[in-house]
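Coordinate inspection notes
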Amino acid sequence: MSESDTSGRGLAVRNSVSLGVFLAVAADAKVTFTVVELAGRGVTAGAAATRWVLEVGKPSLDGFTLADKLIELGGWEDQLVGLWQEYGRGEVTMVDFQARLAEIVHAMEIWPTRHEGMVEDFSSRLSRVVGPGADG
């Protein structure tokens, strides 16, 4: 199954564990508005991470370095899943859930540039990505 963008190229449909968890968190009737906001930021961070991998990481990093970064991101996703499961079993209070979720989301937000210290460079590199057939 795939979609097409306006140029007719196929766009792959992704299955994201973190997206599913963040959507479930946001839809839960018992969470606070702050938690819903954190879930929204998590969705954005997940999308930005995918975009960074495709547009910056793959073209500029060797395979081992990129793999290490993806393993680090996977660790945050594992923590997110574990936290959501603990919450569902009633093993974590709302205050602790919110605090731990905030830590995970923040880590995901800064993930691509965590060790490079190039937050501005990350943004500028994404906006200058040249696609196939474009003048560069």
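Here the structure is a predicted model, which is why all the values come from computation and not from measurement.

On to the pattern of salt bridges. Tallied over the full model, the rule gives 4 salt bridges. One salt bridge in this structure joins Glu 55 and Arg 51, with 2.9 Å as the shortest N-O distance. Here Glu 55 pairs with Arg 51, and both are found in helix α2 (residues 33-60), just 4 residues apart, close to one helical turn. By relative accessible area, which is 27% here, Glu 55 ends up partly exposed. Given the relative accessible area of 40%, Arg 51 is considered partly exposed. We note a salt bridge from Arg 100 to Glu 86, for which the minimum N-O separation is 2.8 Å. Note that Arg 100 is positioned in helix α4 (residues 94-110) and Glu 86 in helix α3 (residues 63-88), a separation of 14 residues in sequence. Take Glu 86: its relative accessible area is 22%, and that puts it in the partly exposed class.

Once that is clear, we can look at the packing of helix α1 (residues 17-27) against α4. It is at 14 Å that the axes of α1 and α4 come closest, and there the two elements cross at 145°. Two packed elements cross with a definite hand, and for α1 against α4 that hand is left-handed. Judged by residue contacts, Ser 18, Phe 22 and Val 25 of α1 engage Phe 97, Leu 101, Val 105 and Met 108 from α4.

What counts, and where the lines are drawn
Residues numbered from 1 in each chain as written. Predicted model: local features only at pLDDT ≥ 70, side-chain atom pairs only at ≥ 80, totals over all residues. Heavy atoms only, no water. Salt bridge = Lys/Arg side-chain N within 4 Å of Asp/Glu carboxyl O. Helix = DSSP H or I, 4+ residues; strand = E, 2+ residues; numbered from the N terminus. Buried < 20%, exposed > 50% of the residue type's maximum accessible area, 1.4 Å probe, protein only. Axes fitted to C-alpha atoms, helices over the stretch in contact; angles between N-to-C directions. Left-handed = near helix turned anticlockwise from the far one by under 90°. Contact = heavy atoms within 4.5 Å.

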